[in-house]
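Here are the chains, one letter per residue:
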Amino acid sequence: ADLGATLCSVEGRDIQEILEELDVKKRLDKTLLLLKKEVELNKIQTKISKQVEETINEKQRKYFLMEQLKSIKKELGMEKDDKSALTSKFEEKLNAFRDDAPENIVKVIE
């Protein structure tokens, strides 16, 4: 009973209460109760850990697939990266003023 009580991760007063109990049956019952609580706590911690791990794995999988999709779209010309989009934006704005724009600005944008 003493060994079982010391293996539990409970407060010192709970262990002290068991150690002070002189009746062996009561001592064993109290120890058994502590061990049952410890087992339940361990089950809950394991369940939470598995849920967190599954969530993380799912998010990593989604991220990986989204990055693959971006790469495929970029290769197919369906999606532009930020640099290409910015360049296109400036070219569109420049086209409206190309005739009036200074030559050095046109060269930089092209």
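Just so it is clear, the structure is predicted and the values come from calculations on it, not from any experiment. (Residues numbered from 1 in each chain as written. Predicted model: local features only at pLDDT ≥ 70, side-chain atom pairs only at ≥ 80, totals over all residues. Heavy atoms only, no water.)

1. Quick look at the overall build of the chain
Here is step 1: Counting its regular elements, the chain contains 5 helices and 0 strands.
Here is step 2: What you see in the chain, going N to C, is helices and strands ordered as α-α-α-α-α.
Here is step 3: For the chain, buried positions account for 10% of its 110 residues.
Here is step 4: Looking at the chain alone, contacts between residues at least 24 apart form 32% of all its contacts between residues at least 6 apart.
Here is step 5: Surface exposure of the chain reaches about 9,700 Å², of which carbon and sulfur atoms provide 57%. (Helix = DSSP H or I, 4+ residues; strand = E, 2+ residues; numbered from the N terminus. Buried < 20%, exposed > 50% of the residue type's maximum accessible area, 1.4 Å probe, protein only. Contact = heavy atoms within 4.5 Å. Areas by Shrake-Rupley, 256 points an atom, 1.4 Å probe, with all protein chains shown as cover.)

2. A closer look at a nonpolar patch on the surface
Here is step 1: A surface patch of nonpolar side chains, about 350 Å² in accessible area, is lined by Ile 44, Ile 48, Val 52 and Ile 56.
Here is step 2: Relative to the helices and strands, Ile 56 is located in helix H3 (residues 24–76). (Patch = residues over 30% accessible without salt bridge, like charges linked within 9 Å, V, L, I, M, F, W, Y side chains within 5 Å. Salt bridge = Lys/Arg side-chain N within 4 Å of Asp/Glu carboxyl O.)

3. Focus on the side chain of Thr 31
Here is step 1: Relative to the assigned elements, Thr 31 resides in helix H3.
Here is step 2: With relative accessibility at 4%, the residue Thr 31 sits in the buried group.
Here is step 3: Among the polar contacts listed, one links the side chain of Thr 31 to the backbone oxygen of Arg 27, at a separation of 2.8 Å. (Polar contact = N/O pair within 3.5 Å; in protein donor to acceptor, adjacent residues only side chain to side chain.)

4. Considerations on H3
Here is step 1: Under the 1.5 Å per step criterion, the end-to-end length of H3 is 78 Å for 53 residues, consistent within 8% with the ideal 78 Å.
Here is step 2: Listed as buried for H3 are Arg 27, Thr 31 and Leu 34.
Here is step 3: Just downstream of H3 lies Gly 77, where phi reads positive at about 80°. (Expected span 1.5 Å × (residues − 1).)

5. Describing the pattern of salt bridges
Here is step 1: By the definition in use, this model includes 4 salt bridges.
Here is step 2: In this structure, Lys 25 engages Asp 29 in a salt bridge whose closest nitrogen and oxygen atoms are separated by 3.3 Å. In this pair, Lys 25 and Asp 29 both sit in helix H3, 4 residues apart, roughly one turn of the helix.
Here is step 3: Taking relative accessible area as the criterion, Lys 25 reaches 57% and is therefore assigned exposed.
Here is step 4: What makes Asp 29 partly exposed here is its relative accessible area of 41%.
Here is step 5: Salt-bridge contacts for Glu 67 lead to Lys 70; the nearest nitrogen and oxygen are separated by 3.6 Å. Taken as a pair, Glu 67 and Lys 70 lie in helix H3 at a separation of 3 residues, close to a single helical turn.

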